[in-house]
Amino acid sequence: MQTTRVRRPSRASGRDFTPLLAGAATAVGGWGALLALTGSGSPLRAPLTLFFLLAAPATGIAAALRGFDPFARALASLAGSIVLNMLVAQGMLATHRWSARGGVMAMAVISALILLPVLMRQRRAAKGQDL
């Protein structure tokens, strides 16, 4: 008796949409940060700023957790993003310095600080210094 496996077709078009989705998310988050920092009265300001506040730190955390499987990585990065946002908001409220612009700037800086060591590690690995 011969066992046959069900073959799943590979991607029909051969395209991977991950870079396209990452670019779109970056554009949406960037517009959200820009609208919040300029104080725009646009109706898109709140949802796009919320997207930035959740996506920016989640991206940095997800890059740092590259050893996890995709679902665990997404879940942990989203939870970490929420925790960081809550800590920043609590710190701003405790010091009586609450502002939407300040929160967006703080999350941008924190996200960059999370992502910076990951990028430096990748750069060293590409040069062959740290494998």
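Named according to an unreviewed UniProt entry, the protein chain is Integral membrane protein originating from Streptomyces pseudovenezuelae.

Undergrad: Help me understand the overall build of the protein chain, please; the structure alone is not making it clear to me.
TA: Per the secondary structure count, the protein chain includes four helices and zero strands. Each of the 131 residues in the protein chain was classed as buried or not, and the buried ones make up 21%. Sequence separation of 24 or more characterises 48% of the internal contacts of the protein chain that already satisfy a separation of 6 or more. Accessible surface computed for the protein chain: about 9,900 Å², of which carbon and sulfur atoms make up 67%.

Undergrad: Looking at this structure, I do not really get the UniProt feature "transmembrane region" (unreviewed entry) in the protein chain. What am I missing?
TA: On the UniProt side, "transmembrane region" (unreviewed entry) is annotated at positions that read residues 20-38, 44-65, 72-92 and 98-119 here. Across residues 44-65, helical content stands at 91% and strand content at 0%; the span's end C-alpha atoms are separated by 31 Å.

Undergrad: What should I look at first to understand the confidence of the model for the protein chain in this one?
TA: Averaged over the protein chain, the pLDDT score is 87; the fraction of residues at 70 or greater is 87%. The weakest mean pLDDT in the protein chain belongs to helix α1 (residues 18-38) at 90; the strongest belongs to helix α3 (residues 70-94) at 95.

Undergrad: Would you mind showing me how to read the packing of helix α2 (residues 45-64) against α3 here?
TA: The relative placement of two packed helices comes down to the angle between their axes together with the axis-to-axis distance. Two elements in contact, α2 and α3, have axes separated by 8 Å at closest approach and are oriented at 130°. When the axis of α2 is compared with that of α3, the two are oblique. Considering only the axes of α2 and α3, their crossing is right-handed. Residues Leu53, Leu54, Pro57, Ala58, Ile61, Ala62 and Ala63 of α2 pack against Arg73, Ala76, Ser77, Leu78, Gly80, Ser81, Ile82, Leu84 and Asn85 of α3. Residue composition of the contact of α2 with α3, by class: 11 nonpolar, four polar and one charged.

What counts, and at which threshold
- Residues numbered from 1 in each chain as written.
- Predicted model: local features only at pLDDT ≥ 70, side-chain atom pairs only at ≥ 80, totals over all residues.
- Heavy atoms only, no water.
- Helix = DSSP H or I, 4+ residues; strand = E, 2+ residues; numbered from the N terminus.
- Buried < 20%, exposed > 50% of the residue type's maximum accessible area, 1.4 Å probe, protein only.
- Contact = heavy atoms within 4.5 Å.
- Areas by Shrake-Rupley, 256 points an atom, 1.4 Å probe, with all protein chains shown as cover.
- UniProt positions renumbered as here; feature names shortened; annotations may be inferred.
- pLDDT = per-residue confidence, 0-100.
- Axes fitted to C-alpha atoms, helices over the stretch in contact; angles between N-to-C directions.
- Parallel < 35°, antiparallel > 145°, perpendicular 65-115°, else oblique.
- Left-handed = near helix turned anticlockwise from the far one by under 90°.
- Nonpolar A, V, L, I, M, F, W, Y, C, P; charged D, E, K, R; others polar.

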